[in-house]
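Report on the structure
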Amino acid sequence: MRSPELLMPAEIEWRDTQCYAPRFGDIYASADAQAEVERVFVEPCGVSQLSTRYGRITIAELGFGTGLNFVVTAARVLRDTTAHMHFISIEGHPLAQSDWERMRAQYHSRLPLYDRLADHAPPLLRGWHRREFCGGRIVLSVFHGDVLDGLAELAAGQSAGVDAWYLDGFAPARNPDMWSAEVFAAAARTAHEGTTVGTFTSAGSVRRALSAVGFEMQRVDQRPHKRESLAGVFKKARPRRASVAPVAVTVLGAGIGGALVARDLAQQGAAVTVVDPDGPAAGASRIPAAIMHARLLADGSATAEYRVAAYHHAGARLAAMNGVTPQPVVQICGPNLSENKLRRIAARYIPEEPPEGYWLALLEGGAVATHTGLTDAGPGLLFPCANLIDLPTLVTALLDHTGIEVRRDLPGAHPEHPMVVCNGLGALETLPDLGLELAHVHGQLDRVSMPQTTAASALVGNGYFVPGERSCIVGATYEYAPWDPGRATAANIEKNIQLLDSGVRPLSRYRATRAVTSDRLPIIGQVSDNLWMATGFGSMGTTAAPLAAAEVCSALMGWLPPLSARVRQALDPHRFRARQQRRGPAKGPGYGGHDRRAEP
Ligand SMILES: Cc1cc2nc3c(=O)[nH]c(=O)nc-3n(C[C@H](O)[C@H](O)[C@H](O)COP(=O)(O)OP(=O)(O)OC[C@H]3O[C@@H](n4cnc5c(N)ncnc54)[C@H](O)[C@@H]3O)c2cc1C
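Not measured: the values here are computed from a predicted model.

With that settled, the discussion passes to the overall build of the protein chain. Scanning the protein chain for helices and strands turns up 18 helices and 28 strands. In terms of overall size, the protein chain behaves like a compact globule, its C-alpha atoms giving a radius of gyration of 25 Å where 600 residues would be expected to give roughly 25 Å. Per-residue burial for the protein chain yields a buried fraction of 60% across its 600 residues. Carbon and sulfur atoms make up 50% of the accessible area of the protein chain, which amounts to about 24,200 Å² in all. Both charge centroids of the protein chain, one from 59 positive and one from 59 negative side chains, sit 2 Å from each other.

Structure, rendered in structure tokens:
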């Protein structure tokens, strides 16, 4: 395995319909797996009762495995109650896509959630992965990595307590790391009086260890399937910390950033007022053909971590929404991507033997030509699961929710209700004290007549080219001062001339202005008590905004954040002031000094 962020997929042997893990000499579940989940976890932990009592529950699990516990539990909550559920799980050896497909084939007719889970299974990358189902009623956070690291992050980041714990690692004798005293102590730190625990094992050592950290344990009769399992209730007098949706939230800005924040919070029950003097999708989000792919980095930096996480989150979050069309993308070398850099990215993110359906591939020249029609391009990175986004359509779809009101004026904002600033360049005026380094970077893309091509992939390099049926999109200019639109059209055609007919005709053009930060990172996080930001997405709003919304929504809901601590620090709204205090004012076009114009 090449890179520190990649995880090896679990080695699985399929024995008819049963999954077996040779590494641990153990099965994932018995032959009647779905019923077993009910008997060992759902019933003994009282999932239906907890859901009814609290209305919003948090279940945490050790060992995500095939996701069956999650899917069966979600199905129960959806069937029996009107509750919301946040399911948190920790896994060291995630499934490969081919195994997700087998699980889907086996279960999707009975458990339809498997379809969406298999479509957007958490990638083989370390860290937290967030997925949502059923309009946000079911939220899934999966940590890939070491169990103690995951537990430490859970304890540090999640302010809402855990209502039920599922302990489902492989058998204690074969996988002792999942059953250590430290693990039980960490799980107990998240519990409150009444938190339940369930586990398939009946090992006396597990029963004693759970008793020692505060659970009152009992054996659960599992005959005739097996003799018994264990279940328990946390008995220490510790109050429950609930996850509560804010009653009302104001969001400034109705671009994709604001629309996603509004939607995520409305889905959790908040009454959201979105305020934009120009109405929805009037700023940079007026662009009807934006590419959602990742400008990856191979340097292991916080920026690199953030970009890959944002890409995977965006693909899952926006899948199948209005305005979102699957569109494979090939990225070739360009002004900011040398061949050396591109190959280092491939080496960092593509395992030596990539599993089937892997999210990234290295193409050598001939294959680039097959995918894009461009000959002599050198190597390329293929993103088979990228998307093309019609931003106005997507923004309209996101804002179409009973919990969201869109207004052009700001009603008297209640100081006790949170406000989220998503207004792009408007943030310079809204929050002048933050010393935000945001530049206006104008741009244009053009729809032009379509050349004869069989190419199916969009091309990103020096600008971008998106093939279509009767016309194609070429873009985008990067203008520090606005150009004449005719000049911008000529530049867009010129950049893609190798892919266009000599008689190419411009059909229509779209102009907008990006909000670009001096460090090319978005601004995401808390400004003060009830004030949050999610903006400054530059040229990457489609990829960056979904994870930004998840981060803000998590903070307001008391959920663990999807971003790691170092990424959160890198995106912090206060970073500009801190830097200015150390180094003086920023320099560059739009900020007043050194030129970074080669960096879209
Ligand atoms: C030519 C071009 C091509 C692009 N191509 C791509 C691409 O291929 N892929 C990609 O991911 N991204 C692309 N982008 C970038 C993408 O469009 C942006 O990153 C994204 O739209 C930013 O969304 P936003 O919601 O943060 O900002 P915006 O869409 O700009 O929304 C901010 C909103 O805030 C409102 N506002 C301003 N002041 C206030 C105030 N005081 N109170 C309330 N509201 C206020 C504005 O009216 C505006 O509607 C492109 C951009 C351009 C210009």
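Within the structure, the ligand sits among 34 residues, and Asp-276, Ser-285, Ile-291, Gly-538 and Thr-542 are positioned closest to it. Take Gly-283: an N or O atom from its main chain is 3.5 Å from an oxygen atom of the ligand. Here the ligand loses 89% of its free accessible area of 1,000 Å² to cover by the protein chains. Those elements that place two or more of their residues in the shell around the ligand are helix H9 (256-267), strand E14 (290-292), strand E22 (438-449), strand E26 (506-517) and helix H16 (541-557). By residue class, the composition of the shell around the ligand is 15 nonpolar, 16 polar and 3 charged.

On to empty space enclosed by the protein. Per the stated rule, a full pass over the model turns up 4 cavities of 30 Å³ or more. Size it by volume and the largest cavity reaches roughly 160 Å³. Contributing to the lining of the largest cavity are 16 residues, with Arg-130, Arg-131, Glu-132, His-313 and Arg-317 lying nearest its centre. If you list the elements that add at least two residues to the lining of the largest cavity, you get strand E6 (127-133), H9, helix H10 (302-318) and H16. Sort the elements by how many residues they give to the lining of the largest cavity and E6 lands first, with 4 residues. Its residues assigned to classes, the lining of the largest cavity shows 6 nonpolar, 4 polar and 6 charged. Size it by volume and the second largest cavity reaches roughly 100 Å³. Lining the second largest cavity are 14 residues, with Arg-520, Phe-537, Gly-538, Ser-539 and Met-540 sitting closest to its centre. Looking at the lining of the second largest cavity, its residues break down into 9 nonpolar, 4 polar and 1 charged.

The next point concerns the sheet that holds E14. Taking strand neighbours across the sheet as the criterion, the 3 strands line up as E14-E19-E15 in an open arrangement whose pairing is antiparallel. If you trace the sheet from one side to the other, it starts and ends with E14 and strand E15 (324-326), each paired once. The sheet shows a mean angle of 30° between the axes of neighbouring strands, direction not considered. Note: E15 against strand E19 (residues 387-389), 3 bridges, orientation antiparallel. In the strand pairing of E19, Val-324 is matched with Ile-389. Sheet strands in contact with H10 are E14, E15 and E19, and its direction is about 110° off that of E14.

Let us look at the confidence of the model for the protein chain. Detailed reading of the predicted model is not advised wherever pLDDT is low. Scored by pLDDT, the protein chain comes out at a mean of 93, with 98% of its residues at no less than 70. With pLDDT under 50 throughout, residues 592-600 is counted as low confidence; its partners more than four residues away or in other chains account for 24 contacts. Scoring the predicted complex yields pTM 0.96 and, for the interface, ipTM 0.99.

A word on H10. When the terminal C-alpha atoms of H10 are compared, their 24 Å separation across 17 residues agrees well with the 24 Å that a helix rising 1.5 Å per residue should span. Judged by how many residues are buried, H10 sits mostly within the fold: 15 of 17 residues are covered. A positive phi of about 65° marks Ala-320, the residue just after H10.

To continue, consider the environment of Asn-69. Note that Asn-69 resides in helix H3 (residues 68-80). The spacing of Asn-69 and Gly-315 is 246 residues in sequence and 24 Å in space, taken between C-alpha atoms. Once residues lying within four places of it in the same chain are set aside, the contact partners of Asn-69 are Val-37, Phe-41, Glu-61, Phe-87, Tyr-166 and Asp-168. Of the polar contacts made by the side chain of Asn-69, one reaches the side chain of Glu-61; its length is 2.8 Å.

Here the amide bond leading from Arg-223 into Pro-224 is cis, since omega sits at 10°, within 30 degrees of zero. Locating Pro-224 in the fold gives a position in the loop between strand E10 (215-221) and strand E11 (228-234). Cis geometry is found at the peptide bond from Gly-475 to Ala-476, where omega equals -25°. With respect to the secondary-structure elements, Ala-476 resides in the loop between strand E25 (471-475) and helix H15 (485-495).

A separate point is helix H2 (residues 47-54). Those residues of H2 that fall on the buried side of the exposure criterion are Val-47, Ser-48, Leu-50 and Ser-51. Down the axis of H2, the sector holding all buried residues measures 165°, keeping them to one side. Opposite the packed face of H2, turned more than 90 degrees from it, sit the exposed residues Thr-52 and Arg-53. Against helix H1 (33-42), strand E4 (56-62), H3, strand E8 (162-167) and strand E9 (191-199) lie the buried residues of H2.

Moving on, we get to the nonpolar core. For soluble globular proteins, the rule of thumb is that nonpolar side chains tend to be buried together. Counting residues in each nonpolar core, the largest one holds 86 residues, and the members touching the most others are Trp-359 and Phe-383. Here the element with the most residues in this core is H16; it accounts for 9 residues. Within the second largest apolar cluster, 75 residues are counted, among which are Val-40, Ala-83, Leu-151 and Leu-210.

Bringing the side chain of Arg-520 into the picture now. Assignment of secondary structure puts Arg-520 in the loop between E26 and strand E27 (523-528). A distance of 3.0 Å separates a polar side-chain atom of Arg-520 from the backbone oxygen of Thr-517.

Quick look at a negative patch on the surface now. Among the surface-exposed residues, Asp-146, Asp-149, Glu-153 and Asp-177 lie close enough to one another that they form a single negatively charged patch. Relative to the assigned elements, Asp-146 resides in the loop between strand E7 (138-144) and helix H6 (147-157). Asp-146 sits in the partly exposed class, given a relative accessible area of 39%.

Tallying each qualifying case throughout the model produces 24 salt bridges. The salt bridge involving Arg-76 is made with Glu-43; its shortest N-O contact spans 2.6 Å. With Arg-76 in helix H3 and Glu-43 in the loop between H1 and H2, this residue pair connects regions lying 33 residues apart in the sequence. Take Glu-43: its relative accessible area is 43%, and that puts it in the partly exposed class. Among the ionic pairs, Asp-519 bridges to Arg-575, the shortest N-O distance being 2.7 Å.

Turning our attention to the side chain of Thr-81. With respect to the element layout, Thr-81 can be found in the loop between H3 and strand E5 (84-91). There is a polar contact of 2.7 Å between the side chain of Thr-81 and the backbone oxygen of Val-77. The residues touching Thr-81, leaving out its near neighbours within four places in the chain, are Ser-48, Ser-51, Thr-52, Arg-76 and Arg-137.

Reading the values: rules and limits
- Residues numbered from 1 in each chain as written.
- Predicted model: local features only at pLDDT ≥ 70, side-chain atom pairs only at ≥ 80, totals over all residues.
- Heavy atoms only, no water.
- Helix = DSSP H or I, 4+ residues; strand = E, 2+ residues; numbered from the N terminus.
- Rg over C-alpha atoms; globule rule 2.2 N^0.38 Å.
- Buried < 20%, exposed > 50% of the residue type's maximum accessible area, 1.4 Å probe, protein only.
- Areas by Shrake-Rupley, 256 points an atom, 1.4 Å probe, with all protein chains shown as cover.
- Lys, Arg positive; Asp, Glu negative; His and termini not counted.
- Charge placed at Lys NZ, Arg CZ, Asp CG, Glu CD.
- Near = heavy atom within 4 Å.
- Polar contact = N/O pair within 3.5 Å; in protein donor to acceptor, adjacent residues only side chain to side chain.
- Nonpolar A, V, L, I, M, F, W, Y, C, P; charged D, E, K, R; others polar.
- 1 Å grid on protein atoms, 1.4 Å probe; cavity = no way out; pocket = protein on both sides within 12 Å on 5 of 7 lines; lining within 4 Å.
- Points joined across faces, edges and corners; volume = space filled by probe spheres on them.
- Pairing = 2+ DSSP bridges.
- Axes fitted to C-alpha atoms, helices over the stretch in contact; angles between N-to-C directions.
- Contact = heavy atoms within 4.5 Å.
- pLDDT = per-residue confidence, 0-100.
- Expected span 1.5 Å × (residues − 1).
- Arc of directions from axis to C-beta.
- Core = buried A, V, L, I, M, F, W, Y, C linked by side-chain atoms within 4.5 Å.
- Patch = residues over 30% accessible without salt bridge, like charges linked within 9 Å, V, L, I, M, F, W, Y side chains within 5 Å.
- Salt bridge = Lys/Arg side-chain N within 4 Å of Asp/Glu carboxyl O.

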